Amino acid sequence: MTPKPPPSGRPLLAPRLAAFGTTVFAEMSALAARTGAINLGQGFPDTDGPEEVREAAVRAIREGRGNQYPPGPGIPELREAVAAHQHRFHGITLDPGTEVLVTAGATEAIAATLLALVEPGDEVIAFEPYYDSYAAGIALAGGHRVPLTLRAPGFRPDLDRLAALITPRTRLLLLNSPHNPTGMVLTREEATEIARLAVAHDLLVVTDEVYEHLVYEGEHLPLATFPGMRERTVSISSSGKTFSLTGWKVGWVTGSAALVSAVRTVKQYLTFVSAGPFQYAVAEALRLPDAYFDDFREDLRRKRDLLCDGLAEAGFAVHRPQGTYFVTTDITPLGLGDDGTKFCLALPERCGVVAVPNAVFYDDPDAGRPLVRFAFCKREDVLREAVDRLKRLAQ
Ligand SMILES: *Cc1c(COP(=O)(O)O)cnc(C)c1O
């Protein structure tokens, strides 16, 4: 709801934020709650992460670790665990003292990074469809967003187009791979070319890598590892998706000491610190053996295949994702029109399932008009039931 203007006539909400009302996820989750539909809209798992990690949080609280303000950059144990994780999986060497910052989830990391690096009027190029906090974060910083639209089928970034979008006002590239909502994972060739452009134009790069452990085809290639990128890349990740603990909101920023220090400057005035006891538990989670990460990915791969096959049988055109836990579909072949937003609003009543219209992730809603996103981070019996319900659409 738009707040009523006070008598002065000036709107309450700053005009630069006027476009950002209630997020679609809150709206769709409320619809799911009201209708009792299966919620494949918002991307949260329906089983909690590893018991030993949850127990570690309980232990930390009981033992009085993290119940008072932890250190601003994050507790040393977690910063060391993040650095060790970056080295184990990506070969990146970081100084936990100066090159790691703990944040309130990836969301705060993104906002703090944009506020730290973007001046009003700066241009920020980002893949469209966007994860919803990007547009809002760029607007908070007073930046101007410039979309590089990923198009079906394949959703590959058009890198000639990227080169053409760069201007003297371009400050940074805000990139996400594996990409939510399309499931696109950058290839080595694409990452190499993006890095080349960033270096050639002296751009900063912010990479959102929260799905780094959910790659089914190809491999996760952190842009910070490409030539000339370490000193210009802010890498962002989080424990929420990797450990199925999205409510804990423990994320992190890694990069050069200069970049991390800039982000820390803003972070200290947003939340100062966060999630004390959870930081101890996430430090343990990051040190889980490789088997945890492999099993997690293979479990989600099975769920991807289950849902994608079911959606195809139900009559959707399925864009099988290479990564993340979302699948984008095209509803056109169902014969129910091509308006994904209308389709999603009617879906809970029609067959008891909630999904998200991809149109909300685009500046130009027509660009994503027939596309609808489903999350598959749910129990297999829930996915099977959802597929059975969706098969009624074609009948
Ligand atoms: C879920 C998600 C986030 C937010 O992560 P939190 O740690 O919960 O703040 C950021 N980026 C993308 C692409 C996501 O899907």
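An unreviewed UniProt entry annotates the chain as Pyridoxal phosphate-dependent aminotransferase of Streptomyces evansiae. What UniProt states about the chain under its Cofactor (unreviewed entry) heading is, verbatim, "pyridoxal 5'-phosphate".

From N to C terminus, the chain includes 13 helices and 13 strands. The globule rule puts the C-alpha radius of gyration for 395 residues at 21 Å, and the 21 Å found for the chain is close to it. Expressed along its principal axes, the backbone C-alpha trace of the chain runs to roughly 60 × 55 × 50 Å. Scored against the burial criterion, the 395 residues of the chain give a buried share of 55%. Long-range pairs, those at least 24 residues apart, make up 75% of the contacts in the chain with a sequence separation of at least 6. As displayed, the chain has an accessible area near 16600 Å², and 52% of this comes from carbon and sulfur atoms.

Before going further, it helps to spend a moment on the pairing of strand β8 (residues 251-254). Successive side chains on a regular strand alternate, one facing one side of the sheet and the next facing the other. Because side chains alternate across β8, one face comprises the buried residues Gly251 and Val253, and the other comprises Trp252 and Thr254, equally buried. Pairing geometry for strand β2 (residues 100-103) and β8, over four bridges, is antiparallel. Counted as the bridge partner of valine 102 is tryptophan 252 from β8. Relative to β8, strand β7 (residues 233-238) runs antiparallel, the two sharing four bridges.

A few words now on the pattern of salt bridges. Taken as a whole and assessed by the stated rule, the structure comprises 29 salt bridges. Notably, a salt bridge pairs arginine 188 with glutamate 219, separated by 3.4 Å at the nearest N-O pair. Of this pair, arginine 188 sits in helix α7 (residues 188-200) while glutamate 219 is found in the loop between β6 (204-208) and β7, placing the two residues 31 residues apart along the sequence. Judged by its relative accessible area of 42%, arginine 188 is partly exposed. Across the pair arginine 369 and aspartate 366 runs a salt bridge, and its minimum N-O distance is 3.8 Å. Among the charged side chains, a salt-bridge network with shared partners connects Glu217, Asp294, Arg297, Glu298, Arg301, Arg304, Asp305, Asp309 and Arg320.

Below, the discussion takes up the nonpolar core. Counting 124 residues, the largest nonpolar core has Leu223, Phe316, Phe374 and Leu390 as the members making the most contacts within it. When neighbours within four sequence positions are excluded, phenylalanine 374 is seen to be in contact with Leu40, Leu307, Leu311, Phe316, Tyr325, Phe326, Val327, Thr329, Leu347, Val353, Ala355 and Leu390.

The next subject is the sheet that holds β7. Across a sheet, paired strands are connected by hydrogen bonds in the backbone, their directions being either parallel or antiparallel. Pairing within the open sheet is mixed, and its seven strands lie in the order β2-β8-β7-β6-β5-β3-β4. Only two strands of the sheet have a single neighbouring strand rather than two, namely β2 and β4 (144-149). Across the sheet, the axes of successive neighbouring strands diverge by a mean angle of 20 degrees, strand direction being ignored.

Next up on the list: the site of the ligand. All residues in the neighbourhood of the ligand are listed as Gly105, Ala106, Thr107, Tyr131, Asn176, Asn180, Asp208, Val210, Tyr211, Ser238, Lys241 and Lys249. With respect to the ligand, the side chain of asparagine 180 contributes an N or O atom lying 2.9 Å from an oxygen atom. Taking lysine 241, its side chain carries an N or O atom lying 3.0 Å from an oxygen atom of the ligand. The element contributing the most residues to the shell around the ligand is helix α4 (residues 105-117), with three residues.

Taken together, the side chains of Leu115, Leu140 and Leu270 define a hydrophobic patch exposed on the protein surface, amounting to about 220 Å² of accessible area. Tracing the backbone through its elements, the reader meets leucine 140 in helix α5 (residues 132-140). Using a relative accessible area of 39% as the deciding quantity, one classes leucine 140 as partly exposed.

Moving on to the state of the cysteines. Inspection of every chain in the model, using the stated rule, returns zero disulfides. Residue cysteine 351 stays outside any disulfide, its sulfur separated by 11 Å from that of cysteine 344, the closest cysteine. No disulfide involves cysteine 377; its nearest neighbouring cysteine sulfur is the one of cysteine 308, lying 13 Å away. Cysteine 377 sits in the buried class, given a relative accessible area of 4%.

Taken together, four strands build an open sheet; the order of strands is β9-β10-β13-β12 and the sheet is antiparallel. Each edge of the sheet is formed by a strand with only one pairing partner; in this case those strands are β9 (317-319) and β12 (356-357). Relative to strand β13 (residues 371-375), β12 runs antiparallel, the two sharing two bridges. The residue of β13 that forms the bridge with valine 356 is arginine 373. Against the sheet, helix α12 (residues 340-351) touches β12 and β13, its axis set at about 40 degrees to β13.

This next bit is on the environment of threonine 103. Positionally, threonine 103 belongs in strand β2. Dropping the residues within four chain positions of it, threonine 103 is found in contact with Glu108, Ala109, Lys249, Val250, Gly251, Trp252, Val253, Lys267 and Ser274. A polar contact of 2.8 Å, which involves the side chain of threonine 103, links it to the backbone oxygen of glycine 105. From its side chain, threonine 103 meets the backbone nitrogen of tryptophan 252 in a polar contact 3.4 Å long.

As a further point, take the packing of aromatic side chains. Summed over all chains, the structure comprises 14 aromatic pairs. With a centroid separation of 5.7 Å and 65 degrees between ring planes, the pair formed by tyrosine 131 and tyrosine 134 is classed as edge-to-face. For tyrosine 134, a relative accessible area of 2% puts it in the buried group. Connected via pairs of aromatic rings, a cluster forms that spans Phe89, Phe243, Tyr292, Phe293 and Phe296. Here the basic side chain of arginine 373 rests over the ring of phenylalanine 326, its NZ or CZ set 3.7 Å away from the ring centre. The ring centre of phenylalanine 44 lies 3.8 Å from the NZ or CZ of lysine 378, which sits over that ring.

Each value, and the rule that gives it
Residues numbered from 1 in each chain as written. Predicted model: local features only at pLDDT ≥ 70, side-chain atom pairs only at ≥ 80, totals over all residues. Heavy atoms only, no water. UniProt positions renumbered as here; feature names shortened; annotations may be inferred. Helix = DSSP H or I, 4+ residues; strand = E, 2+ residues; numbered from the N terminus. Rg over C-alpha atoms; globule rule 2.2 N^0.38 Å. Buried < 20%, exposed > 50% of the residue type's maximum accessible area, 1.4 Å probe, protein only. Contact = heavy atoms within 4.5 Å. Areas by Shrake-Rupley, 256 points an atom, 1.4 Å probe, with all protein chains shown as cover. Pairing = 2+ DSSP bridges. Salt bridge = Lys/Arg side-chain N within 4 Å of Asp/Glu carboxyl O. Core = buried A, V, L, I, M, F, W, Y, C linked by side-chain atoms within 4.5 Å. Axes fitted to C-alpha atoms, helices over the stretch in contact; angles between N-to-C directions. Near = heavy atom within 4 Å. Polar contact = N/O pair within 3.5 Å; in protein donor to acceptor, adjacent residues only side chain to side chain. Patch = residues over 30% accessible without salt bridge, like charges linked within 9 Å, V, L, I, M, F, W, Y side chains within 5 Å. Disulfide = S-S within 2.5 Å. Phe/Tyr/Trp six-rings, centres within 6.5 Å; stacked < 30°, edge-to-face > 60°. Lys NZ or Arg CZ within 6 Å of the ring centre and 35° of its normal.

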